[in-house]
Amino acid sequence: MAKIISGQELSETMRSEIASDAAEFHSESGMAPGLAVVLVGADPASEVYVRMKGKAADKAGFVSRQVTLPPETPEDELLGVVAGLNADPSIHGILVQLPLPKHIDSARVLLAIDPDKDVDGFHPMNAGRLAVGDESVLAPCTPAGIIEMLMRSGYDPSGRHVVVVGRSNIVGKPVALLLLRKGRGGNATVTIAHSRTKDLGAITRQADILIAAVGRANLITGDMVKPGAVVIDVGVNRVDDPASSKGYRLVGDVAFDEVAEVAEAITPVPGGVGPMTITMLLRNTVDAARRLHAADAARGAFAD
Ligand code: NDP
């Protein structure tokens, strides 16, 4: 039976490290790291995510601000809110919760966020910096969380063959780019598979580390995994479950029971990659706060 890599446990450790970094930043700068989360509309899942992010930020000693706008908010008004947060020195991280209502151009909104405050790592400037291998970029949270999970569990991807199933801009592509970087958590040999890949099992069976980021329950079965591989399950899928009070339960992309018989280590769903995503949002916010403060101090010294 595979070892379980618990994102819950790793997150607890990391969040206490982040809380002490936040306290240190506070005592050096006189202010706490500030995270603003903007929610447009009343999508129930987005409301839950935004609440969880705010709570985690408060617990780590940050100042968290939630800006909630009605679903009919015009794009210009949202861009005005983002501009205000860009200019606010007490805010170091800005996150606009996706998806946005259809009348708003998400790409334009993401482009409006100050790249130095883009703690989700979705600004095209940060995507480009990630692609050129910049070690100090604010990397997207889920991919960065996957790398932390591997490193902290003793599975350094360096020199390993990692197969990533999924090529989205949120998970698949950025995790592949992180794995290719020359620094910590990188130096892997990476293969990316997607919906047009032929004979997926023949590809996944070559993986020392297999990352599934698809959104299809039980896509990865035991026969698709090399014995001794490390399996990271990013997928979150609802499946009917009459025994549950909600009528459904959450499962990943990996058929957990049979893959756990073959793999050396595996992440569960829930309690795997999910908690790490919020943890990395906190990590990015402290890092952004430190850099913004250092840049302000340098500007001040120059002006003197
Ligand atoms: P997308 O729908 O944007 O991308 C899915 C990818 O999977 C696409 O590249 C698609 O290929 C590929 N794909 C679809 N079907 C197959 C198949 N049969 N075989 C191989 N590849 C296939 O999803 P996201 O990347 O945004 O999310 C992936 C999953 O991760 C979802 O379940 C999501 O809920 C979850 N997630 C979890 C997070 C967490 O914090 N735990 C955070 C973000 C996402 P193609 O490009 O050809 O269409």
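Residues numbered from 1 in each chain as written. Predicted model: local features only at pLDDT ≥ 70, side-chain atom pairs only at ≥ 80, totals over all residues. Heavy atoms only, no water.

**Student:** Help me get a handle on the nonpolar core, residues and values and all.
**Tutor:** Counting residues in hydrophobic clusters, the biggest one holds 48 residues, and the most contacted among them are F62, I146, I211 and I232. At 8 residues, helix α10 (residues 273–303) tops the list of elements feeding residues into this core. Two domains each put at least three residues into this core: domain 1 (30–114) and domain 2 (139–273). In contact with F62, other than residues within four places in its own chain, are I18, A22, A32, P33, L35, A57, L282, T285 and V286. Counting residues in each nonpolar core, the second largest holds 18 residues, with V165, A212, V259 and A263 among its members. (Core = buried A, V, L, I, M, F, W, Y, C linked by side-chain atoms within 4.5 Å. Buried < 20%, exposed > 50% of the residue type's maximum accessible area, 1.4 Å probe, protein only. Helix = DSSP H or I, 4+ residues; strand = E, 2+ residues; numbered from the N terminus. Domains from an automatic or database assignment. Contact = heavy atoms within 4.5 Å.)

**Student:** So what about the domain arrangement of the protein? Which residues, and what values?
**Tutor:** You can read the domains of the protein as domain 1 (30–114) and domain 2 (139–273). The gap between the C-alpha centroids of domain 1 and domain 2 is 29 Å.

**Student:** Hey, could you go over the sheet that holds strand β2 (residues 34–40) for me, with residue numbers and the actual values?
**Tutor:** Taken in spatial order, the 3 strands make up an open sheet running β3-β2-β4, and their pairing is parallel. In this open sheet, the two strands that pair with only one neighbour each are β3 (63–69) and β4 (93–96). Strand-to-strand, the axes of this sheet are offset by a mean angle of 15°, without reference to chain direction. With 4 bridges connecting them, β2 and β4 associate as parallel partners. Paired with A36 across the bridge in β4 is I94. Sitting on the sheet, helix α2 (residues 44–59) is in contact with β2, β3 and β4, with an inclination near 170° to β2. Strands in contact with helix α3 (residues 75–87) are β2, β3 and β4; relative to β2, the strand with the most contacts, it is inclined by about 180°. (Pairing = 2+ DSSP bridges. Axes fitted to C-alpha atoms, helices over the stretch in contact; angles between N-to-C directions.)

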